[in-house]
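Residue-level listing of the chains:
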Amino acid sequence: LFLLNQVIQMYGSCGAVDDARKVFDSIDTPNLFSWNIMLNAYTRNGLLDQAKQFFDINPHKDLVAWTTLMQAYATKGYVQEARTLFDNMPRRDTASWNTLIQLYIANNMVEEAGHVFRSMPQRDVVSWTAMLSAFAGIGHLDQAKELFSRMPQRNMVSWNAMLQGFVENGKIEEARELFSRMSERCVLSWNILIQANASVGDLEQAKSMFDTMPMRDAVSWTAMVSAYCQAGDVDSAKALFDAMPEESIIAWNAMIHGYVKAGDFREMRLMFDRMPQWSVISWNALIAAYGQIGEFVEANSFFDQMPAWDIVSWNSVLQANAISGRLLHAHQIFHQMPSRDIVSWIILLSANSQHGDLDRARELFLAIPEHG
RNA sequence: ACCUGUAAUACUUUGG
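Just so you know, these numbers come straight off a predicted model, no measurement behind them. (Residues numbered from 1 in each chain as written. Chains lettered and ligands numbered in written order. Predicted model: local features only at pLDDT ≥ 70, side-chain atom pairs only at ≥ 80, totals over all residues. Heavy atoms only, no water.)

### Considering the pattern of salt bridges
Under the defined criterion, the tally for this structure stands at 14 salt bridges. Between D87 and R83 there is a salt bridge whose closest N-O contact spans 3.2 Å. Remark: R83 and D87 occur in helix α6 (residues 79-88); sequence separation between them is four residues, near one turn of the helix. Exposure remark for R83: the relative accessible area of 25% places this residue in the partly exposed category. (Salt bridge = Lys/Arg side-chain N within 4 Å of Asp/Glu carboxyl O. Helix = DSSP H or I, 4+ residues; strand = E, 2+ residues; numbered from the N terminus. Buried < 20%, exposed > 50% of the residue type's maximum accessible area, 1.4 Å probe, protein only.)

Next up, the structure:
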């Protein structure tokens, strides 16, 4: 049964939910773990409805199952539903409370998260670290630092979170200093520092860390490839890309963007056509590339060809048309979009003001929703 | 003792 549970978990983590379910169904008497692992297979793959149904037929419904389902709602932005689940849980442990904190953090309600943090019965290293990164994430680095120094215990994740906090607030020196004070480091710590050096254009330092780090994973490789691309050195990027031990779709996407930045659309297209598979990001990059140079026909055509869209795909095709002055079509796209975010509004707004329709621009400005 | 839930890193869109 252990082994079968592991198999379910394996299928679930590679997205093969149906196979996971087949294995689950083949078990005569699934245990608590089987139920929870299967539930997790649904939630990790974003299948909220199936997760909910599966939860409902679960005879155990233990603490872990409740928390797993709650987390699924949290990641999808269903704050109220997640909160209701939390309130209805028969029992709660620190992990459930931490999930509640994370619910608010993930939905831009850091204040509320802080309130939960202060009022929860027990705080562990996860609670502290979650709050630390939340504060860093909204630019409150002082509070993040204070939490880091006040927390009763720190583990590797806490150190990495603090490192990342410095990096995303542009405090590279402080990140380097903290890194040098770490008594032990993991791949992630190194990866964060590669990214830190790349973000200030210090490619030499980034590469030297990449070369000397004790162990590299896929993120190390793609971070370095992407660093070269962002610096415009697409040849070094390609050399590193070709040397990668395993291929990664993220590295492919980075290379596509690298060629676009370098203005080499021919190589970009070769890359795109040669990719073993495409993610939504690959398509988005392509649309944005053609939009940038005013080739809205190409952009529109790729948009129509892609199998699934996210908000960025819509914004990219919107931008492609807006930037070419096709205001009418841009408005059509804007209204067709399944949802709009602040980026969509800004694209349409600036298109209207740049092409002289100031009244329209003012109307749009006034129509922007206050939140979200 | 060993299988499940919560915190940390890489790729795409606008402005800053």
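### Some thoughts on the layout of surface pockets
In this structure, the largest pocket occupies an estimated 260 Å³ of space. Forming the boundary of the largest pocket are 15 residues, of which R118, M131, F135, Q143 and L147 lie nearest the centre. Within the residue set of the lining of the largest pocket, elements represented by two or more residues are α8 (110-119), α9 (125-137) and α10 (141-150). Estimated volume of the second largest pocket: approximately 230 Å³. Around the second largest pocket, the lining residues are N40, T43, R44, V64, T67, T68, Q71, A72, T75 and T99. Every element with two or more residues in the lining of the second largest pocket is listed here: α3 (32-44) and α5 (63-75). With six residues, α5 is the single largest residue contributor to the lining of the second largest pocket. Looking at the lining of the second largest pocket, its residues break down into two nonpolar, seven polar and one charged. (1 Å grid on protein atoms, 1.4 Å probe; cavity = no way out; pocket = protein on both sides within 12 Å on 5 of 7 lines; lining within 4 Å. Points joined across faces, edges and corners; volume = space filled by probe spheres on them. Nonpolar A, V, L, I, M, F, W, Y, C, P; charged D, E, K, R; others polar.)

### A word on the side chain of T68
Of note, T68 is situated in helix α5. A polar contact is formed between the side chain of T68 and the backbone oxygen of V64, at a distance of 2.7 Å. Sequence-distant contacts of T68, that is, excluding residues within four places in its chain, are made with L39, N40 and T43. (Polar contact = N/O pair within 3.5 Å; in protein donor to acceptor, adjacent residues only side chain to side chain. Contact = heavy atoms within 4.5 Å.)

### Re the packing of aromatic side chains
Tallied over the full model, the rule gives 21 aromatic pairs. Measuring from centroid to centroid gives 5.0 Å for F86 and W97, while their planes differ by 75°, and the two rings are edge-to-face. Of this pair, F86 sits in helix α6 while W97 sits in helix α7 (residues 94-106), and the two are 11 residues apart along the sequence. Considering the side-chain rings of F241 and W252, the 5.1 Å spacing of their centres and the 85° angle between planes classify their relative orientation as edge-to-face. Placement of F241 in helix α16 (residues 234-242) and of W252 in helix α17 (residues 249-261) is noted, with a sequence separation of 11 residues between them. Both residues of the pair, F241 and W252, belong to the buried class. Each residue in the set F265, F272, W278, W283, Y290 and F302 is aromatic and connected to the rest through ring pairs, giving one cluster. The residue whose ring lies beneath K61 is F55, and the NZ or CZ to ring-centre distance is 5.1 Å. (Phe/Tyr/Trp six-rings, centres within 6.5 Å; stacked < 30°, edge-to-face > 60°. Lys NZ or Arg CZ within 6 Å of the ring centre and 35° of its normal.)

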